[in-house]
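Reading the structure
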Amino acid sequence: MKCGIVVFPGSNCDHDCYHILKNILKQDTHWLWHKDSIDLSSFDLVVLPGGFSYGDYLRAGAISRFSPIMNSVIPFAEKGGKVLGICNGFQILLESGLLPGALMQNHTRKFICKNVYVRVESTNTPFTQECQDKSVLDIPIAHHQGSYYIDHHSLIDMEEKGQILFRYCDSKGNITDSSNPNGSVGSVAGVCNEQKNVMGMMPHPERCSDPLWPNIDGQSIFNSLIAQG
Amino acid sequence: MLAQIHVTFKEGVLDPQGKTVHHALNDLGYDEVLDVNVGKYLEVKLDSVSEEEAEIRVREMCERLLANTVIESFRFKLVSTE
């Protein structure tokens, strides 16, 4: 699988993503510089990594969405290319309109950095096909603007279309208020577009995919993409 | 010309910052405070455009970049700086 990792000024999870895809999962992985507008048609996957691109100025992802590389990523996604946005990458995908909704400040008003549980809500996507349906993944989060918002009507529509891929839950997979760390509507932690080729999630699968660390729950997401080819 | 732009959360979108400020004002004894909405204020200086042009351009700037219209609404005033 040919993978591209976009580097924005302020990205800080780009090397983690590169390490997992290149060194751990042995994929053909390349850097994509934010100032370049290039033809991405030879790529199978583009990753927008976590971080604080453009200092999160104005709103997280609002400025990055207009960087030259996005002029390549948006048509790539519209033609069916697979795009994975993690944390700040998720925020950029929402700002660019490739995914529905918005991410707001956590309801606790604090930056949250901890391990959380998420439940896999749909395995019928290239990002989750190797996961067990309704299985619970232990994945870290680290964000200040991670409270997913979308109006009630659109949320129901997304649920019906299988666009909700992950929800925050407790260790047994129960969706409860206390297991929702940031106040996201419907405890939503990750969503995809209707065509199911663009996915964004707040938790960081790249931070739990190296077997040097006892938890490799994040690998199921990357392995789903690799199985897809 | 100067565009004075206010960006605030839409009605019904939870504003945790506004809520906290609201509680703080109540704690200080300002019981008359019913609600607080914390937003952004931007001043955009414009070069020699007509007011009609500015109205169209600033609205476009708000819709494309300055506000996220999924969760935020905006309003602005154009002020002559001459």
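**Focus: the overall build of chain B**
What chain B contains, in helices and strands, is 2 helices and 3 strands. Ordering the α and β elements of chain B from the N terminus gives β-α-β-α-β. Relative to the 2.2 N^0.38 estimate, which gives 12 Å for 82 residues, the radius of gyration of chain B is 16 Å and therefore markedly larger than a compact globule would have. Overall, the C-alpha framework of chain B stretches about 50 × 30 × 15 Å when taken along its three principal axes. The buried share of chain B, reckoned over its 82 residues, is 13%. Across chain B, the fraction of contacts at a sequence separation of at least 24, relative to all contacts at a separation of at least 6, is 67%.

**A look at the interface of chain B and chain A**
Each partner contributes to the interface: chain B provides 9 residues, whereas chain A provides 10 residues. Of the residues forming the side of chain B that touches chain A, the biggest block, 3 residues, is contributed by helix H1 (residues 16–27) of chain B. Among the residues making up the side of chain B that touches chain A, the classes are represented as 6 nonpolar, 3 polar and no charged.

**Describing the sheet that holds strand E3 (residues 72–79) of chain B**
Residue and element names in this part refer to chain B. A sheet is described by the order of its strands in space; here 3 strands give the open sequence E2-E1-E3, paired in antiparallel fashion. Because the sheet does not close on itself, it has two edges, and the strands there are strand E2 (40–45) and E3. The mean inter-strand angle of the sheet, taken between neighbouring strand axes irrespective of direction, is 20°. Pairing between strand E1 (residues 2–9) and E2: 6 bridges, direction antiparallel. Looking across to E2, one finds that Gln4 is bridged to Glu43. In the packing of helix H2 (residues 51–66) onto the sheet, the strands contacted are E1, E2 and E3, and the crossing angle to E3 comes to about 155°.

**Notes on helix H3 (residues 88–95) of chain A**
Residue and element names in this part refer to chain A. Summarising burial for H3: 8 of the 8 residues are buried, a large majority. Every buried residue of H3 is accounted for by Asn88, Gly89, Phe90, Gln91, Ile92, Leu93, Leu94 and Glu95. Along its buried surface, H3 packs onto strand E3 (45–48), strand E4 (82–86), strand E5 (102–104) and strand E11 (198–201). Gly97 occupies a position one or two residues after H3 and carries a positive phi of about 85°.

**A short note on the sheet that holds E3 of chain A**
Residue and element names in this part refer to chain A. A sheet is described by the order of its strands in space; here 9 strands give the open sequence E2-E1-E3-E4-E11-E10-E9-E6-E7, paired in mixed fashion. A single partner strand is all that each edge strand has here, and the edge strands are strand E2 (28–33) and strand E7 (136–143). Direction aside, the axes of adjacent strands within the sheet are offset by 25° on average. Strand direction decides the pairing type here: strand E6 (residues 112–120) and strand E9 (residues 164–169), joined by 4 bridges, are antiparallel. Across the sheet, residue Val120 finds its bridge partner in E9, namely Phe166. Strand contacts of helix H1 (residues 14–24): strand E1 (2–7), E2 and E3, with the helix running at about 170° to E1, the strand carrying the most contacts.

**Structural notes on the confidence of the model for chain B**
Atom-level detail of predicted coordinates should not be read off regions where pLDDT is low. Taken over all residues, the pLDDT of chain B has a mean of 94, while the share at 70 or more is 100%. Reported for the predicted complex are a pTM of 0.94 and an ipTM of 0.85.

**Side note on the environment of Leu155 of chain A**
Residues and elements named next belong to chain A. One can find Leu155 in helix H4 (residues 152–160). Separated by 134 residues in sequence, Leu155 and Leu21 have C-alpha atoms that sit 32 Å apart. Every residue in contact with Leu155, bar those within four places of it in the chain, is listed here: Ile150, Val185 and Gly186.

**Looking at the nonpolar core**
Nonpolar side chains in soluble globular proteins tend to be buried together. Counting 71 residues, the largest nonpolar core has Val6, Val46, Val47, Val83, Leu93 and Val118 of chain A as its most contacted members. Sequence-distant contacts of Leu93 of chain A, that is, excluding residues within four places in its chain, are made with Leu48, Val83, Gly85, Leu98, Leu99, Val198 and Gly200 of chain A. Membership of the second largest hydrophobic core comes to 8 residues, among which are Ala3, Ile5, Val58 and Ala67 of chain B.

Reading guide: rules and limits
- Each chain has its residues counted from 1, following the order in which its sequence is written.
- Chains and ligands are labelled by the order in which they are written, letters from A for the one and numbers from 1 for the other.
- Where local features are concerned, this predicted model is filtered to residues with pLDDT of at least 70; where side-chain atom pairs are given and counted, the filter is 80 or more; whole-chain, interface and lining totals use all residues.
- Note on conventions: DSSP H or I runs of at least 4 residues are helices, E runs of at least 2 residues are strands, and numbering of each starts at the N terminus.
- We take the radius of gyration over the C-alpha atoms and set the globule estimate at 2.2 Å times the residue count to the 0.38 power.
- Put simply, a residue is buried when 20 or more other C-beta atoms lie within 10 Å of its own C-beta and exposed when 12 or fewer do; between those, it is partly exposed, and each C-beta is set from the backbone.
- What counts as a contact here is a pair of residues whose C-beta atoms, placed from the backbone, lie within 7 Å.
- Under this grouping Gly is polar, as are all residues other than the nonpolar Ala, Val, Leu, Ile, Met, Phe, Trp, Tyr, Cys and Pro and the charged Asp, Glu, Lys and Arg.
- For two strands to count as paired, DSSP must find a minimum of two bridges between them.
- Structural elements are reduced to axes, namely lines fitted to C-alpha atoms, with helices fitted over the stretch in contact, and the angle between N-to-C directions of any two is expressed from 0 to 180 degrees.
- Per residue, pLDDT measures the predictor's confidence, with a range of 0 to 100.
- For the purposes of this analysis, a nonpolar core is taken to be any set of buried Ala, Val, Leu, Ile, Met, Phe, Trp, Tyr and Cys residues that are connected through C-beta atoms within 7 Å.

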